[in-house]
Amino acid sequence: MDCRESALLVSVLLLALDLCSAQNYVLSDDGGLGRVFDGIGGLSGGGATSRLLVSYAEPYRSQVLDFLFKPNFGASLHILKVEIGGDAQTTDGTEPSHMHYENDENYYRGYEWWLMKEAKKRNPNITLIGLPWAFPGWVGHGKNWPYDYPDVTATYVVNWILGAKQYHDLDIQYVGVLRNMLDKVGLPGVGIIAADGDWSVANSMILDPYLNNSVDVIGAHYPGTTTITEALKTQKKLWSSEDYSTFNNEVGGGCWARILNQNYVNGQMTATISWNLVASYYEDLPFGRDGLMTAEEPWSGNYVVESPIWITAHTTQFTQPGWTYLQTVGHLAQGGSYIALTDGKGNLTVVIETMTHNHSVCIRPPLPPFNVTSQNATFQLKGSFASIKELQVWRSQFDFKTSKASFFEKLKPLKLVDGLFTLNLAEDEVYTLTTISTGSKGSYPDPPPSAPFPKVYKDDFDVRSPPFSEAPYFADQTGVFEYYINLTDPGPHVFTLRQVLTERPITWATDADQTISVIGDYYWQNLTVTCDVFMEKMNAGGVFIAARVDKGGQSIRSAKGVFFWVFADGTYKVTNDLVGETVLAEGQSGTEVYGWYTLSLTVKGQYASGSLNGYPLWKNAVVLTPKAGWAAIGTRSFELAQFDNFALVAE
């Protein structure tokens, strides 16, 4: 035997050894099926996470929506969950309520209506869910708690559901509200998710038959892929109704791949919803880029299709809600997991992930240690699947060493012999093997390159029929700033931006006592902000323009910057913080309620100066910190005030 023959024999023996050492896994429906699959989704809100998306120009805005919702294109999401806006800060901003006040109803505020319609346009079968994080102040009758008057709260939420149908022809399938109120108004088909927190509601459901009968789904947030015995005992649908919340780099993609499989394998959860849907808010707000993809630059048109989009596609493009999990799902011998689903009509989809610990850490909860190594896995199809001869194959390979990852790559179909197939699984891979042949990796020409916020920007708010209630790029952090038609002003200020809340909302986060909306580039140091302002609150009213605002979202109360205030009592103040405690300058301004004034603030290096109606009012206030931040407008309290002719120039 020569060397060449010897080498060939060794190769054959090694291959045989490999096949013999492969772990065997059976995929069968002989013993019955598992739970019904309810889908994979994204969450817009909680809060204001889609704020910048609406300001994208076409075709880029529609392209982002296609990557999220269009079937057989990108993430192909089955579920869209949205915030029922409550006028309060709910993580990255405030979303406007449909009822600022008890006698006020408007079902065109905000952008969630638009988003639901766009999702439905692309996927008519998408499941729509609404959930309130916060509530307008009137719901609590003076208390910062919405549930002392359950009929008031339930009516408020029911009105949102009815408005969705009446004004937008949207059918909301699930919500968090009282069952009896839904039945009273003829909405028995709207399901109840409880309690959109942890699993503890299951204990109450076991003890309370009425509660148990009222609830359709037990929804937990960030469950770490596990459930509790009591939740399983209820025999209700179990969902991870908010999950992920992780920076969308490749580790974030790995997190998403792991939990999409293991939420069912470990926790019997039949739906998983990502917070958030799309990272479309200023990145330096809390939890920047924690979305399935990134669309945070409407001024440039740039967006990024991140790895979680394609990880989602591994399941969503080859299953539908109503499919059923096989009972034969589980963990791989050398780490990783596999799931299998069927439509009950002969189709089968198998999803396998081998994500290693350090490459799949989610933001929460802490991830216990585990090991994953490369392995051979042989799958045996039995039962009604035994006759399958071929499976389509899609693969994603993370590459944390050379950054040459490949996502959602279509491979050659796999031929099965006697229902058997063997895969050589490396670390950090995702495979889909399926009888479904309609999957595709959608694409568009590259969007425009990334660019910072323009250094020169103006908005006169002169929009007669605004498509959205908010002005482009402004991100409300406390309060609600809406387009307004000032019919009492025949002059140049007919179309303005108005802060419309006069009462502190029932808060979910720690809203400021002042209202504020930020705009621009977080890294701006030297800039001039100019704006016309109009106070509508007697005596104690006040408004400001600001630069170098260094915090937003849940941290807005502690925001620092340079804040130039004028008040209705004829005074002005310059402070180093939003709360107004660190005073840099103050004096008389002559400002009054119901008069228009032009404020201008210039910050350069360590000095700031301000003018009123074109005349210097104060100068050379020393500003040591912060060094950079957003521009902003706002009010002293929850009070009516108007803004017009906003302009900024940054160096």
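Residues numbered from 1 in each chain as written. Predicted model: local features only at pLDDT ≥ 70, side-chain atom pairs only at ≥ 80, totals over all residues. Heavy atoms only, no water.

- As recorded in an unreviewed UniProt entry, the protein chain goes by Galactocerebrosidase and comes from Oreochromis niloticus.
- Under the heading Sequence similarities (unreviewed entry), UniProt records this for the protein chain: "Belongs to the glycosyl hydrolase 59 family." (UniProt positions renumbered as here; feature names shortened; annotations may be inferred.)

1. Section: the UniProt feature "domain: Glycosyl hydrolase family 59 C-terminal lectin" (unreviewed entry) in the protein chain
Next up, step 1: Residues annotated by UniProt as "domain: Glycosyl hydrolase family 59 C-terminal lectin" (unreviewed entry) correspond here to residues 476-648.
Next up, step 2: Between the end C-alpha atoms of residues 476-648 there is a gap of 18 Å, over a span that is 0% helix and 54% strand. (Helix = DSSP H or I, 4+ residues; strand = E, 2+ residues; numbered from the N terminus.)

2. Structural notes on the domain arrangement of the protein chain
Next up, step 1: By the assigned domains, the protein chain splits into domain 1 (25-434) and domain 2 (456-650).
Next up, step 2: Taken over C-alpha atoms, the centre of domain 1 sits 38 Å from the centre of domain 2.
Next up, step 3: Listed by partner, the interface residues are 40 residues for domain 1 and 34 residues for domain 2.
Next up, step 4: Note on domain 1 versus domain 2: buried area summed over both sides is about 2,900 Å², and carbon and sulfur give 55% of it.
Next up, step 5: Area buried by domain 1 at its contact with domain 2 is led by Arg51, Gln89 and Tyr282, which between them contribute 23% of it.
Next up, step 6: Joining domain 1 to domain 2, the criterion identifies one salt bridge.
Next up, step 7: Counting every contact that joins domain 1 to domain 2 gives 19 residue pairs in polar contact (both at pLDDT 80 or more).
Next up, step 8: Partitioned by chemical class, the residues of the side of domain 1 that touches domain 2 number 21 nonpolar, 12 polar and seven charged. (Domains from an automatic or database assignment. Contact = heavy atoms within 4.5 Å. Buried area = accessible area lost by both parts, 1.4 Å probe. Salt bridge = Lys/Arg side-chain N within 4 Å of Asp/Glu carboxyl O. Polar contact = N/O pair within 3.5 Å; in protein donor to acceptor, adjacent residues only side chain to side chain. Nonpolar A, V, L, I, M, F, W, Y, C, P; charged D, E, K, R; others polar.)

3. Quick look at a nonpolar patch on the surface
Next up, step 1: Taken together, the side chains of Tyr607, Val622 and Leu624 present a nonpolar region at the surface, about 290 Å² in accessible area.
Next up, step 2: Tracing the sequence through the fold places Val622 in strand β34 (residues 615-622). (Patch = residues over 30% accessible without salt bridge, like charges linked within 9 Å, V, L, I, M, F, W, Y side chains within 5 Å. Areas by Shrake-Rupley, 256 points an atom, 1.4 Å probe, with all protein chains shown as cover.)

4. Some details on the packing of aromatic side chains
Next up, step 1: One pass over the structure, following the stated rule, counts 49 aromatic pairs.
Next up, step 2: Seen from their ring centres, Phe453 and Tyr457 are 5.4 Å apart, and the 70° between their planes marks the pair as edge-to-face.
Next up, step 3: A residue is classified by how much of its surface remains accessible, and Phe453, at 2% relative accessible area, is buried.
Next up, step 4: The buried category is assigned to Tyr457, whose relative accessible area is 11%.
Next up, step 5: One aromatic cluster is present, formed by Tyr282, Trp299, Phe453, Tyr457, Tyr473, Tyr522, Tyr523, Trp524 and Trp630 through successive ring pairs.
Next up, step 6: In this structure, Arg364 packs its charged tip against the face of Tyr222, placed 4.4 Å from the ring centre.
Next up, step 7: If you follow Lys441 out to its NZ or CZ, it ends over the ring of Trp310, 5.1 Å from the centre. (Phe/Tyr/Trp six-rings, centres within 6.5 Å; stacked < 30°, edge-to-face > 60°. Buried < 20%, exposed > 50% of the residue type's maximum accessible area, 1.4 Å probe, protein only. Lys NZ or Arg CZ within 6 Å of the ring centre and 35° of its normal.)

5. A look at unusual backbone geometry
Next up, step 1: Here the bond from Arg364 into Pro365 is cis, since omega is -10°, no more than 30 degrees from zero.
Next up, step 2: Among the structural elements, Pro365 can be located in the loop between β16 (348-353) and β17 (375-381).
Next up, step 3: The phi dihedral of Gln268 is positive, around 60°, even though this residue is not glycine.
Next up, step 4: Overall, the relative accessible area of 25% leaves Gln268 in the partly exposed class.
Next up, step 5: Backbone geometry places Phe461, a non-glycine residue, at a positive phi of 60°.
Next up, step 6: Inspection of the secondary structure assignment puts Phe461 in the loop between β22 (456-459) and β23 (475-478).
Next up, step 7: Relative accessible area serves as the criterion here: at 1%, Phe461 is assigned to the buried category.

6. Observations concerning the packing of helix α9 (residues 250-265) against helix α10 (residues 307-316)
Next up, step 1: Where α9 contacts α10, the two axes come as close as 8 Å, and the packing angle between them is 20°. On the basis of the axis angle, α9 is roughly parallel to α10. Like other packed secondary-structure pairs, α9 and α10 cross with a definite hand, here right-handed. Between α9, through Glu250, Gly252, Gly253, Trp256, Ala257 and Leu260, and α10, the contact on the second element is made entirely by Ser307, Pro308, Ile311 and Thr312.
Next up, step 2: Per-class residue counts for the contact of α9 with α10 are five nonpolar, four polar and one charged. (Axes fitted to C-alpha atoms, helices over the stretch in contact; angles between N-to-C directions. Parallel < 35°, antiparallel > 145°, perpendicular 65-115°, else oblique. Left-handed = near helix turned anticlockwise from the far one by under 90°.)

7. Brief notes about helix α2 (residues 60-69)
Next up, step 1: Of all 10 residues in α2, eight are buried, a share of seventy percent or more.
Next up, step 2: All buried positions along α2 are accounted for by Arg61, Gln63, Val64, Leu65, Asp66, Phe67, Leu68 and Phe69.
Next up, step 3: Next to the buried residues of α2 lie β4 (79-83), α3 (112-122), β11 (294-297), β12 (302-304) and α10.

8. Considering the UniProt feature "domain: Glycosyl hydrolase family 59 central" (unreviewed entry) in the protein chain
Next up, step 1: With numbering matched to this structure, UniProt assigns "domain: Glycosyl hydrolase family 59 central" (unreviewed entry) to residues 325-439.
Next up, step 2: The distance separating the terminal C-alpha atoms of residues 325-439 is 20 Å; by composition the span is 0% helix and 46% strand.

9. Things to note about the confidence of the model for the protein chain
Next up, step 1: For the protein chain, mean pLDDT is 95; residues scoring 70 or higher make up 97% of the total.
Next up, step 2: The model gives residues 1-20 a pLDDT under 50, and that stretch makes four contacts with residues more than four places away or in other chains. (pLDDT = per-residue confidence, 0-100.)

10. Observations concerning α3
Next up, step 1: The buried fraction of α3 is high, at eight of 11 residues.
Next up, step 2: Restricting attention to buried positions, one finds in α3 the residues Glu112, Trp113, Trp114, Leu115, Met116, Glu118, Ala119 and Arg122.
Next up, step 3: Contact partners of the buried residues in α3: β3 (39-44), α2, β4, β5 (127-131) and α4 (150-168).

11. Structural notes on the sheet that holds strand β20 (residues 420-425)
Next up, step 1: Spatial ordering of the open sheet is given by β1-β17-β20, a layout of three strands whose pairing is mixed. Sheet topology places β1 (23-27) and β20 at the edges, where each strand pairs with a single neighbour. Along the sheet, successive strands turn relative to each other by an average axial angle of 25°, direction set aside.
Next up, step 2: Bridge count for β1 against β17 is five bridges, and the pairing is parallel. Considered in β17, the bridge of Gln23 is made with Ala377. (Pairing = 2+ DSSP bridges.)

12. Examining the nonpolar core
Next up, step 1: In terms of nonpolar packing, the biggest core is built from 81 residues, with Leu53, Phe69, Leu80, Met116, Ile161 and Leu182 touching the most fellow members.
Next up, step 2: Excluding residues within four positions of it along the chain, Leu182 makes contact with Val158, Ile161, Val175, Val177, Leu187, Pro188, Val190 and Ile192. (Core = buried A, V, L, I, M, F, W, Y, C linked by side-chain atoms within 4.5 Å.)

13. Observations concerning the sheet that holds strand β31 (residues 583-588)
Next up, step 1: Taking strand neighbours across the sheet as the criterion, the seven strands line up as β23-β26-β35-β28-β29-β30-β31 in an open arrangement whose pairing is antiparallel. Of all the strands in the sheet, just β23 and β31 have a single pairing partner and so form its edges. Each neighbouring strand pair of the sheet contributes to a mean axis angle of 20°, computed without reference to strand direction.
Next up, step 2: When strand β30 (residues 571-577) meets β31, the two strands line up antiparallel, connected through five bridges.

14. A look at the side chain of Thr515
Next up, step 1: Take Thr515: it is sitting in strand β26 (residues 515-519).
Next up, step 2: The class for Thr515 is buried, based on a relative accessible area of 0%.
Next up, step 3: Here the side chain of Thr515 touches Thr635 through a polar contact of 2.5 Å, side chain to side chain.
Next up, step 4: Among residues more than four places away in sequence, those in contact with Thr515 are Thr478, Gly479, Phe481, Gln499, Phe544, Ile633, Gly634, Thr635, Ser637 and Phe638.

15. As for the pairing of strand β35 (residues 630-635)
Next up, step 1: Along β35, six of the six residues are buried, which leaves the element largely enclosed by surrounding structure.
Next up, step 2: Neither face of β35 is left uncovered, since the one carrying Trp630, Ala632 and Gly634 and the one carrying Ala631, Ile633 and Thr635 both have all their residues buried.
Next up, step 3: Here five bridges tie β26 to β35, and the two strands are oriented antiparallel to one another. Bridging from a neighbouring strand, Ile519 pairs with Ala631 of β35.

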